[in-house]
Amino acid sequence: MADVEKLRKVKRCIDSLAEGLNPFTGQPLPEEDIVNDVRVSRSLFLASAFLQEQIQGTTAKKNGKKQAFRLSLEERERVEFSSQPIPASELARRMNDAVDTQDCKKISYRQLTDWLVEVGMLKRVENAAGGQRRRPTDSGEKLGITVG
């Protein structure tokens, strides 16, 4: 059985358990069963999500496709942050340096700033010429985002 198929089989088992079902019969497990404890169930759903990421990554590698940019916890620790202001392009470069970009796409400063807008750290404002600029929100400024 291929590794991806093994992961899918394990994920189906975990999904059943997370839903409080016997993975072999599909029957509901007794209420007092440990898998029905909300903390265990949440942990199983988290494990299932992790397996799904692994399955997608493995499939992408087999198809020769690069995965979307993402940083693992270990890679996040390798990103060099600065006490001095740096442009978004420099932060994107440092993030790309921290990951194996052979398996995933690089992140551009545009993707980084679009994400910062999405999470409310930057906002789009119109300039005098009618174009759009990105500026830090109050939350962004509290995190140290500035405009140079």
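Residues numbered from 1 in each chain as written. Predicted model: local features only at pLDDT ≥ 70, side-chain atom pairs only at ≥ 80, totals over all residues. Heavy atoms only, no water.

## Remarks on the pattern of salt bridges
Two side chains with opposite charge may pair up if their charged atoms get near one another. In the structure shown here, the tally under the stated rule is nine salt bridges. In this structure, Arg 8 and Glu 5 form a salt bridge, with 3.9 Å as the shortest nitrogen-oxygen distance. Here Glu 5 and Arg 8 lie together in helix α1 (residues 3-18), a separation of three residues that amounts to about one turn. Take Arg 8: its relative accessible area is 34%, and that puts it in the partly exposed class. One salt bridge connects Asp 114 with Arg 134, and the closest N-O pair in it is separated by 2.7 Å. Here Arg 134 lies in strand β2 (residues 132-136) and Asp 114 lies in helix α5 (residues 109-118), a separation of 20 residues in the sequence. Taking relative accessible area as the criterion, Arg 134 reaches 23% and is therefore assigned partly exposed. Each of the salt bridges in this network shares a partner with another, and the network as a whole consists of Glu 90, Arg 93, Arg 94 and Asp 97. (Salt bridge = Lys/Arg side-chain N within 4 Å of Asp/Glu carboxyl O. Helix = DSSP H or I, 4+ residues; strand = E, 2+ residues; numbered from the N terminus. Buried < 20%, exposed > 50% of the residue type's maximum accessible area, 1.4 Å probe, protein only.)

## As for α1
Over its 16 residues, α1 runs 22 Å from end to end, which matches the ideal 22 Å to within 8%, given 1.5 Å per residue. At the C-terminal side of α1, Gly 20 shows a positive phi close to 80 degrees. (Expected span 1.5 Å × (residues − 1).)

## Let's talk about the nonpolar core
Of all hydrophobic cores here, the largest spans 14 residues; its most connected members are Phe 69, Leu 71, Met 95, Ile 107 and Leu 112. When contributions to this core are tallied by element, the ones reaching two or more residues are α4 (88-98) and α5. Setting aside chain neighbours within four positions, we find Leu 112 in contact with Ala 88, Leu 91, Ala 92, Met 95 and Ile 107. Among the nonpolar cores identified, the runner-up in size contains six residues, and Ile 14, Ala 18, Leu 29 and Leu 44 belong to it. (Core = buried A, V, L, I, M, F, W, Y, C linked by side-chain atoms within 4.5 Å. Contact = heavy atoms within 4.5 Å.)

## Topic: the pairing of β2
When strand β1 (residues 122-126) meets β2, the two strands line up antiparallel, connected through five bridges. Paired with Glu 126 across the strands is Gln 132, a residue of β2. Connecting β1 to the next strand, β2, in antiparallel fashion are five residues, including Gly 130 with a positive phi near 90 degrees. (Pairing = 2+ DSSP bridges.)

## Quick word on the environment of Leu 7
Along the polypeptide, Leu 7 turns up in helix α1. Taking the C-alpha atoms as reference, Leu 7 lies 8.3 Å from Gln 52; in sequence the two are 45 residues apart. Setting aside residues up to four positions removed in sequence, Leu 7 forms contacts with Leu 51, Gln 54 and Ile 55.

## Regarding α5
If you check which residues of α5 are buried, you get Leu 112, Thr 113, Leu 116 and Val 117. One side of α5 carries all its buried residues, which in axial view fall inside an arc of 140 degrees. Positive phi appears at Gly 120, one or two residues downstream of α5, with a value of about 85 degrees. (Arc of directions from axis to C-beta.)

Just distances and angles here, no functional claims.
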